[in-house]
Amino acid sequence: MNDGQTLTTADDYAALLARVSALTQGEDDTVALMATVACEVHHADSRFDWTGFYRVTQPGILKIGPYQGGHGCLVIPFDKGVCGACATTGKVQLVADVDAFPGHIACASSTRSELVLPVQGADGQLIAVFDIDSDQPDAFTEQDASQLGKLLAHVFGQADGTPAP
Ligand code: SME
């Protein structure tokens, strides 16, 4: 969260990508990369109240990874919640109203909307999901989804930034 600053244009996202890229250059430790992405994204935009990763630690199980914000639940099975739906389908989940999403897990009762993106490693396997929660209803746009997907592919995907197949 960052008062008064929002990621509204492609240029805003290009600046975020450049910052993350500079900070993570030469780093290949996944937890160090996740911690840096969670911090930089969270503090870039006042809409983001919880920002972090759930890692695939065993088949069908997501476990909490680096995050910013209040307490996040520790374990999410693939068949539960928005994060589980993302992990199961491998598709971005843009939820404008969490109360209308069957099985949404409310780690914080203040959460109104949510964006969850799949994170693939260089070999194309799902390694985590990246979850952003907002206390504002309908906080996220398709641009947020596509630009954040680009950032995740750049950091965790193939070396040239191309999204993994
Ligand atoms: N809301 C998520 C759970 C994670 S937290 O909100 C931090 C979900 O339904 O998957």
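Above: the structure in question.
Residues numbered from 1 in each chain as written. Predicted model: local features only at pLDDT ≥ 70, side-chain atom pairs only at ≥ 80, totals over all residues. Heavy atoms only, no water.

A.B. asks: Which residues make up the pattern of salt bridges, and what are the values?
C.D. replies: Going through the model one piece at a time under the given rule, you end up with five salt bridges. Notably, a salt bridge pairs D45 with R47, separated by 2.9 Å at the nearest N-O pair. A residue is classified by how much of its surface remains accessible, and R47, at 11% relative accessible area, is buried. Of the charged contacts in the structure, one is a salt bridge between K80 and D79, with a shortest N-O distance of 4.0 Å. (Salt bridge = Lys/Arg side-chain N within 4 Å of Asp/Glu carboxyl O. Buried < 20%, exposed > 50% of the residue type's maximum accessible area, 1.4 Å probe, protein only.)

A.B. asks: Which residues make up the site of the ligand, and what values do they have?
C.D. replies: Around the ligand, the neighbouring residues are W50, Y54, I76, G81, V82, C83, H104, I105, C107, E114, D131 and D133. One nitrogen or oxygen atom from the main chain of C83 is found 2.8 Å from an oxygen atom belonging to the ligand. Residue E114 places a side-chain N or O atom 3.1 Å away from a nitrogen atom belonging to the ligand. Burial of the ligand by the protein amounts to 99% of the accessible area it has alone, namely 310 Å². Comparing atom positions with the cavity grids shows the ligand to sit within the largest cavity. For the shell around the ligand, the secondary-structure elements that each account for two or more residues are β1 (50-58), α3 (81-89) and β6 (126-134). Tallying contributions element by element places α3 first for the shell around the ligand, with three residues. Broken down by class, the residue content of the shell around the ligand amounts to seven nonpolar, two polar and three charged. (Near = heavy atom within 4 Å. Polar contact = N/O pair within 3.5 Å; in protein donor to acceptor, adjacent residues only side chain to side chain. Areas by Shrake-Rupley, 256 points an atom, 1.4 Å probe, with all protein chains shown as cover. 1 Å grid on protein atoms, 1.4 Å probe; cavity = no way out; pocket = protein on both sides within 12 Å on 5 of 7 lines; lining within 4 Å. Sits in = over half its atoms within 2 Å of the grid points. Helix = DSSP H or I, 4+ residues; strand = E, 2+ residues; numbered from the N terminus. Nonpolar A, V, L, I, M, F, W, Y, C, P; charged D, E, K, R; others polar.)

A.B. asks: Would you mind going over the nonpolar core in detail, with residue names and values included?
C.D. replies: In summary, soluble globular proteins display a tendency toward joint burial of nonpolar side chains. V37, F53, F130 and F156 are the most contacted members of the largest nonpolar core, which has 27 residues in total. Mapped by element, the contributors of at least two residues to this core are α1 (10-24), α2 (30-42), β5 (113-120), β6 and α4 (142-156). At six residues, α4 tops the list of elements feeding residues into this core. In contact with V37, other than residues within four places in its own chain, are V20, H42, F53, F130, L151, L152, V155 and F156. (Core = buried A, V, L, I, M, F, W, Y, C linked by side-chain atoms within 4.5 Å. Contact = heavy atoms within 4.5 Å.)

A.B. asks: Tell me what's going on with the environment of S21, and back it up with residues and numbers.
C.D. replies: Within the secondary structure, S21 is located in helix α1. Residue classification places S21 among the partly exposed residues on the basis of a relative accessible area of 25%. Note: C-alpha distance between S21 and G121 (100 residues apart in sequence) is 16 Å.

A.B. asks: Summarise the sheet that holds β6; cite the residues concerned and give the values.
C.D. replies: Pairing in this open sheet of six strands is antiparallel, and the strands run β3-β2-β1-β6-β5-β4 from one edge to the other. Since the sheet does not close on itself, it has two edges, and those belong to β3 (75-77) and β4 (93-95), each with one partner. The sheet shows a mean angle of 25 degrees between the axes of neighbouring strands, direction not considered. Pairing between β1 and strand β2 (residues 61-68): six bridges, direction antiparallel. Considered in β2, the bridge of T51 is made with Q68. This element, α2, spans β1, β2 and β6 of the sheet and lies at about 155 degrees to β1. (Pairing = 2+ DSSP bridges. Axes fitted to C-alpha atoms, helices over the stretch in contact; angles between N-to-C directions.)

A.B. asks: Pulling in residues and values, what's your account of unusual backbone geometry?
C.D. replies: One non-glycine residue, D138, adopts positive backbone phi at about 50 degrees. Judged by its relative accessible area of 52%, D138 is exposed.

Such coordinate-based values are descriptive only and should not be taken to indicate function.
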